[in-house]
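# Notes for the structure review
The chain contents come next:
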Amino acid sequence: MSSSHALHESTDPPRGDLQARSVTMHSDPRFLELRSRLLKFVGPMSIAFFAWYLLYVVMSAYARDLMGTKVIGSFNFALVFGVLQFVSTFGIAYWYARFATRRIDPLADELREELEEGGR
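The model shown is predicted, which means the values in this text are computed figures rather than measured ones.

This part takes up the overall build of the protein chain. Along the backbone of the protein chain there are five helices and two strands. Ordered by position in the sequence, the α and β elements of the protein chain form the string α-α-α-α-β-β-α. A separation of at least 24 residues holds for 68% of the contacts in the protein chain among residues at least 6 apart in sequence. Carbon and sulfur atoms make up 66% of the accessible area of the protein chain, which totals about 9,000 Å².

And the structure:
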């Protein structure tokens, strides 16, 4: 056994203790708040993006004349909608990163530190 492995084992809480603390953490009001914050962002955003994507697919299938309408030069609505799919994907990722930095990460860090230090 290497010395770094032995050192790592000596600083870790016993596996059963960590598991017990992890199970207990699931009923902690702060953990429930953390999960609620995440779901309040991810749920509606996922539904909105999926609806936006379905709109693109449905319009491509059933509104061919509109989607084929030229906007500028050879750019038509279908191409603009397709590019907006990518723009909205990156926008959502950026928005989530900002949201997580402000509303998720501080509480998650606090809970993780408490969970890790609970056995020491």
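This part covers a nonpolar patch on the surface. A contiguous nonpolar patch, built from Leu66, Val71, Ile72, Phe75, Phe77, Leu79, Val80, Val83, Leu84 and Val87 and spanning about 830 Å² of accessible area, is present on the exposed surface. The set of elements that each furnish at least two residues to the nonpolar patch consists of strand 1 (70-72) and helix 5 (77-117). Looking at the nonpolar patch, the element that brings in the most residues is helix 5, giving six residues. With respect to the helices and strands, Phe75 occurs in strand 2 (residues 75-76).

With that settled, consider the packing of aromatic side chains. A full pass over the atoms with the stated rule returns six aromatic pairs. Ring geometry for Phe41 versus Trp95: centroids 5.6 Å apart, planes at 85 degrees, classification edge-to-face. Residue Phe41 is located in helix 3 (residues 29-62), and its partner Trp95 is located in helix 5; the two are separated by 54 residues in the primary sequence. Between Phe41 and Phe99 the ring centres are 4.7 Å apart and the planes differ by 15 degrees, which places this aromatic pair in the stacked class.

Turning our attention to the confidence of the model for the protein chain. With 85% of its residues at a pLDDT of 70 or more, the protein chain shows a mean pLDDT of 87. Across the protein chain, the element-wise mean pLDDT spans from 47 in helix 1 (residues 3-11) up to 96 in helix 3. A low-confidence stretch, residues 1-10 (pLDDT under 50), is modelled with two contacts involving residues beyond four sequence positions or located in other chains.

Its location among the elements puts Asp28 in the loop between helix 2 (15-25) and helix 3. A relative accessible area of 16% means that Asp28 is categorised as buried. On a C-alpha basis, the gap between Asp28 and Leu111 in space is 9.4 Å, while along the polypeptide they are 83 residues apart.

Here we come to the packing of helix 3 against helix 5. Here helix 3 crosses helix 5 at 175 degrees, and the two axes come no closer than 10 Å. One finds that helix 3 runs roughly antiparallel with respect to helix 5. Partitioned by chemical class, the residues of the contact of helix 3 with helix 5 number 23 nonpolar, four polar and six charged.

Next up on the list: helix 3. In an α-helix, one turn spans 3.6 residues; hence positions three or four apart end up facing the same way. For helix 3, built from 34 residues, the straight-helix expectation of 50 Å at 1.5 Å per residue is met to within 8% by its first-to-last C-alpha distance of 48 Å. For helix 3, every residue scored as buried is listed here: Phe31, Leu34, Arg37, Phe41, Met45 and Met59. The N-capping residue of helix 3, defined by a side-chain oxygen 2.7 Å from the backbone nitrogen of Arg30, is Asp28.

Criteria and cut-off values
- Residues numbered from 1 in each chain as written.
- Predicted model: local features only at pLDDT ≥ 70, side-chain atom pairs only at ≥ 80, totals over all residues.
- Heavy atoms only, no water.
- Helix = DSSP H or I, 4+ residues; strand = E, 2+ residues; numbered from the N terminus.
- Contact = heavy atoms within 4.5 Å.
- Areas by Shrake-Rupley, 256 points an atom, 1.4 Å probe, with all protein chains shown as cover.
- Patch = residues over 30% accessible without salt bridge, like charges linked within 9 Å, V, L, I, M, F, W, Y side chains within 5 Å.
- Salt bridge = Lys/Arg side-chain N within 4 Å of Asp/Glu carboxyl O.
- Phe/Tyr/Trp six-rings, centres within 6.5 Å; stacked < 30°, edge-to-face > 60°.
- pLDDT = per-residue confidence, 0-100.
- Buried < 20%, exposed > 50% of the residue type's maximum accessible area, 1.4 Å probe, protein only.
- Axes fitted to C-alpha atoms, helices over the stretch in contact; angles between N-to-C directions.
- Parallel < 35°, antiparallel > 145°, perpendicular 65-115°, else oblique.
- Nonpolar A, V, L, I, M, F, W, Y, C, P; charged D, E, K, R; others polar.
- Expected span 1.5 Å × (residues − 1).
- Polar contact = N/O pair within 3.5 Å; in protein donor to acceptor, adjacent residues only side chain to side chain.

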